[in-house]
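Below are the chains, spelled out letter by letter.
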Amino acid sequence: MQVKSKRGDEVRLYCDLEERVEIGELIEISEEDRSVVVQILDIEQDSELILSGEKGREVLAKIRLEGIGGESRVYKEWSGWFPSTPVLVKKVSASRILAPNIWQESLPLGYERNSEELFQVSLQNLRTLNIVAGFRSENLLATLAAILCLKGYRVIVFDNTGRFAKLIRRSFRERFRRFTVGDEIKLPIAELGGVWRDFLSIYGWTEPLITMFDSVYKSFKKSKSLSFKSIVRELSLRKDTELFVDFLCSLNEVLTDEHDEINLGRHVILDLSKCDSPSALLTILHRLIKQDYNFLLINNIQALHVPDLEKLARLLISKKDAVFIDIGVDTEASVLLRYAVNLFFTGPYNRLLEDLFPLLENEEPLLRKLSSEEFLINGFLTKNTPVILTMLRPEDFLG
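Figured I'd write up the structure that's included with this text. (Residues numbered from 1 in each chain as written. Predicted model: local features only at pLDDT ≥ 70, side-chain atom pairs only at ≥ 80, totals over all residues. Heavy atoms only, no water.)

**Quick look at the packing of helix H7 (residues 207-222) against helix H8 (residues 228-236)**
So, step 1. With their axes 10 Å apart at the nearest point, H7 and H8 run at an angle of 135° to one another. If you check the angle between H7 and H8, you find them oblique. Considering only the axes of H7 and H8, their crossing is right-handed. Here Met212, Phe213, Val216, Tyr217 and Phe220 of H7 lie close against H8, whose contacting residues are Ser230, Ile231, Glu234 and Leu235. (Axes fitted to C-alpha atoms, helices over the stretch in contact; angles between N-to-C directions. Helix = DSSP H or I, 4+ residues; strand = E, 2+ residues; numbered from the N terminus. Parallel < 35°, antiparallel > 145°, perpendicular 65-115°, else oblique. Left-handed = near helix turned anticlockwise from the far one by under 90°. Contact = heavy atoms within 4.5 Å.)

**Here we look at the nonpolar core**
So, step 1. Among the nonpolar cores identified, the biggest contains 53 residues, and Trp196, Phe199 and Leu248 are the most heavily contacted of them.
So, step 2. Residue contacts for Leu248: discarding those within four places in its chain leaves Trp196, Leu200, Phe213, Phe228 and Leu235.
So, step 3. In this structure, Ala145, Phe295, Leu389 and Met391 belong to the second largest nonpolar core, which totals 39 residues. (Core = buried A, V, L, I, M, F, W, Y, C linked by side-chain atoms within 4.5 Å. Buried < 20%, exposed > 50% of the residue type's maximum accessible area, 1.4 Å probe, protein only.)

**Remarks on the side chain of Ser230**
So, step 1. Its place among the elements puts Ser230 in helix H8.
So, step 2. Once you skip the residues sitting within four places of it in the chain, Ser230 turns out to touch Phe220 and Ser225.

**Here's the deal with the environment of Val36**
So, step 1. Here Val36 shows up in strand S4 (residues 34-51).
So, step 2. For Val36, a relative accessible area of 0% corresponds to the buried category.
So, step 3. Put simply, Val36 and Gly80 are 44 residues apart on the chain and 9.4 Å apart in space, counted from C-alpha to C-alpha.
So, step 4. If sequence neighbours within four positions are ignored, Val36 has contacts with Ile27, Glu28, Ile29, Ile63, Leu65, Glu66, Trp78, Trp81, Phe82 and Pro83.

**Looking at the packing of aromatic side chains**
So, step 1. A complete count under the given rule lists ten aromatic pairs for this structure.
So, step 2. Between Tyr153 and Phe295, the aromatic rings sit 5.7 Å apart at their centres with planes inclined by 80°, giving edge-to-face as the arrangement. Separated by 142 residues along the polypeptide, Tyr153 in the loop between helix H3 (137-150) and strand S11 (155-159) and Phe295 in strand S16 (residues 295-298) bring together distant segments of the chain.
So, step 3. On the basis of relative accessibility, which here comes to 0%, the residue Phe295 falls in the buried class.
So, step 4. Taken together, a centroid distance of 5.1 Å and an interplanar angle of 65° make the contact between Trp205 and Phe244 edge-to-face. Of this pair, Trp205 sits in the loop between helix H6 (196-202) and H7 while Phe244 sits in helix H9 (residues 242-249), and the two are 39 residues apart along the sequence.
So, step 5. Taken together through their ring pairs, the aromatic side chains of Trp196, Phe199, Tyr203, Trp205, Phe213, Tyr217, Phe244 and Phe247 make up a single cluster.
So, step 6. Above the plane of the ring of Tyr293 lies Arg154, whose end atom (NZ or CZ) is 4.5 Å from the centre. (Phe/Tyr/Trp six-rings, centres within 6.5 Å; stacked < 30°, edge-to-face > 60°. Lys NZ or Arg CZ within 6 Å of the ring centre and 35° of its normal.)

**Quick word on the environment of Leu13**
So, step 1. Within the secondary structure layout, Leu13 lies in strand S2 (residues 10-16).
So, step 2. With a relative accessible area of 0%, Leu13 lands in the buried category.
So, step 3. Separated by ten residues in sequence, Leu13 and Val3 place their C-alpha atoms 4.6 Å apart.
So, step 4. In this view, Leu13 contacts Met1, Gln2, Val3, Lys4, Ile27, Ile29, Val38, Arg57, Glu58 and Val59; residues no more than four positions away in its chain are not counted.

What follows is the structure in C-alpha cells.
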C-alpha cells in the first residue's frame, strides 16, 4: 500500500488488488518515530490503477489521529502534520491504538470488522460520553447493561421504546428493577432546580420567559410553599405566557410535589414510552444532574423529538458523564442520521462543535456501510475515531 496524494485531512492510497481492505479499517502511515492514522471511507472497486507495474485500487481515507513515539507510541488528536516521505504504510487494529491500559480491568464491546479480535476498553475509559449507531445498536446497549450489572456498577437505562427489558438476557433481566415514569414514579419538583434552565432552553423558550420561571420557582421554594400548581398559577397571571404555561402543564404527568423519592436500586430501567417527549427529556436531565449512577444508557433518542439537537448535544458533552446514546440508522432518509453525523460524530468534543455547517459527511459513509450485525461507536473512549464493531456473543462476557 502506498500514499498517492493528500488534500486537507483526506488521503488517497494505492493498494494491490490482492490486498484485502475494508471500509472502516485503520491504516497507519509512519515516518521514523511519528505517524498518522487514517480510516478508510471508500474503496473504488471499479478502478484499475497502475501500481509499480501492476493493477491496483484507489482507497479514500480520512486522517483521524497522530502517533508519537517508538514501540510505546501515544496517539492524540491530529495536529496537521503529515509524513513528507512515508516509510511504512500498514493496517493497524483499533484495539492496539485505542486500547486501554493493559493493567486495568477491561470489558469487551464487540469484534472489529472482519476480525476475531475483541475490541476491549477499560472501565475508566468507558466512563465518558459515547455514541452508538447501528440497525440493532439497541442490542449493544442491552449487552452493555448486562456486563455492567455483572460487574456491580450502578446502571440506569432510559427506555424510550418500552421493549428494552426484553433485549436483556433472562438471567440478568431479574436484576433490573423496571418503573414506568408517570405511573409508578414521578420527579420531585423540588429536585429540579438545576435542570429547568437547560431543559427550557433546549425547547427554544426565550431568555425572558426562562428568567421569569426561574424567579417564580426560587421564590416559592424559598417560602417553602413550592408546588407545580402554584408555579403555573403565578405564571398564568403574567403577560403573554399562555403558550409557555400550556407547555409546562404538559409536564404534569411526570411531576410531583412530594419530597420523598423512591429508592430505585442499583440497576434500573425507566420506561419512558408512555411519556410525551418533553417529559421524557426532563426525566433524563434530572438523572444526569443528580449523578447517582455510574452509567446512563439512552435508547432510541430520536423519540425525544428535540427541536434543538445542538443544545442537547452541547449539554451532554459538557457534563462528560458516562452516557451511552443509541441513535440507530433504521431509515435511509432519516433526518436524524444527518444530525447524528453533524452533531455527535464530528468531534473532537472538547471544541464543543463550533462549526456545524455546511453539513459534514465524515462518518456518514461509514454509517451507510453497516450491516445488520454491526454498529459504529464513537466518543471519548475512541479518541473521536469511529470504530465499526460486530455484535458480541454471549460467551464473550458470561465467561
